[in-house]
Amino acid sequence: MTTNKLPTRRVEFVLDLMCAHSYVGFTRLSRAARRYRDRGGEVQVVFRPFQVVPDAPAEGGPLYDVHKEVFGEEDARAIAADTSFGAADGIEAHFDKAVHVNTFEAHRLLAAASAQGRGEQMAERLFRAYLTDGLNIGDADTLRRLAAETGVEPVTGGAEELRARLAEVRRDGVTSVPLFLFDTGRTISGAQPQDAFRTALEAPVGTV
């Protein structure tokens, strides 16, 4: 008796760690990947960095202030009070506590974690630190603590490589995230339903 082994799948995930929709998309991809792995397959998630606001301040500041400037005080208050975002996916969102900050150093930590085989765990912890815990994911001490929690060795170097990868993503024409590129040939833009990720993982190569 023979069994059909599920093929290994590779997914390039273009993200920003300060993007709430990237968090939702990652959560749905993770659940679809867990199901695929439970059936005996393998999924390789390759993180490609993107910065929605590349000139965001390194010291950080309240996300509320950014929303107030862009949308006005009434809408900023509504966003801060909204706890429904991501709830259906088990995400606890606290926009009222979120710190708007440059994500370069967080991406650098994620790259280091990926090199150590803990990229998915680190990505989840960074997303949760930003949107749930209200932590400053640009702060060096905070990142060291999150790395230790996740079993990742401290970041050393990698800045120039990260700049090159950020530039590469821009050259590829990416203007918004999340974006998921599957080796089956399928592309998912935005936080699509979990079934879309499951279908993309299970589709034969070359189908769209």
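So, a few notes on the structure that sits alongside this text. (Residues numbered from 1 in each chain as written. Predicted model: local features only at pLDDT ≥ 70, side-chain atom pairs only at ≥ 80, totals over all residues. Heavy atoms only, no water.)

1. Examining the pairing of strand β5 (residues 179–182)
Right, so step 1: Across four bridges, the pairing between strand β1 (residues 9–15) and β5 is antiparallel. Each bridged residue has a counterpart across the sheet, and for V11 the counterpart in β5 is F182.
Right, so step 2: The pairing of β5 with strand β6 (residues 187–189) spans three bridges and is classified as antiparallel. If you follow F180 over to β6, its bridge partner there is I188.
Right, so step 3: Between β5 and β6, which pair antiparallel one after the other, the connecting turn spans four residues, and G185 there sits at a positive phi close to 100°. (Pairing = 2+ DSSP bridges. Helix = DSSP H or I, 4+ residues; strand = E, 2+ residues; numbered from the N terminus.)

2. Here's the deal with the packing of helix α4 (residues 104–115) against helix α7 (residues 159–171)
Right, so step 1: One way to put it is that α4 packs onto α7 with a least axis distance of 10 Å and a crossing angle of 105°. With respect to each other, α4 and α7 are oriented roughly perpendicular. Of the residues in α7, those in contact with F104, H107, R108 and A111 of α4 are A159, L162, R163, R165 and L166. (Axes fitted to C-alpha atoms, helices over the stretch in contact; angles between N-to-C directions. Parallel < 35°, antiparallel > 145°, perpendicular 65-115°, else oblique. Contact = heavy atoms within 4.5 Å.)

3. Here's the deal with the pattern of salt bridges
Two side chains bearing opposite charge may form a pair once their charged atoms approach each other closely.
Right, so step 1: For the coordinates displayed, the defined rule picks out 18 salt bridges.
Right, so step 2: Notably, a salt bridge pairs R125 with D133, separated by 2.9 Å at the nearest N-O pair.
Right, so step 3: Judged by relative accessible area, which is 28%, D133 ranks as partly exposed.
Right, so step 4: D141 is paired through a salt bridge with R144; the nearest N and O atoms lie 2.2 Å apart. Of the two residues, D141 and R144 are both situated in helix α6 (residues 140–150); the distance of three residues between them amounts to about one turn of the helix.
Right, so step 5: Here D141 falls in the partly exposed class, since its relative accessible area comes to 48%.
Right, so step 6: A relative accessible area of 49% places R144 in the partly exposed class.
Right, so step 7: Overlapping salt bridges bring together R10, E12, R48, E168 and D172 as one network. (Salt bridge = Lys/Arg side-chain N within 4 Å of Asp/Glu carboxyl O. Buried < 20%, exposed > 50% of the residue type's maximum accessible area, 1.4 Å probe, protein only.)

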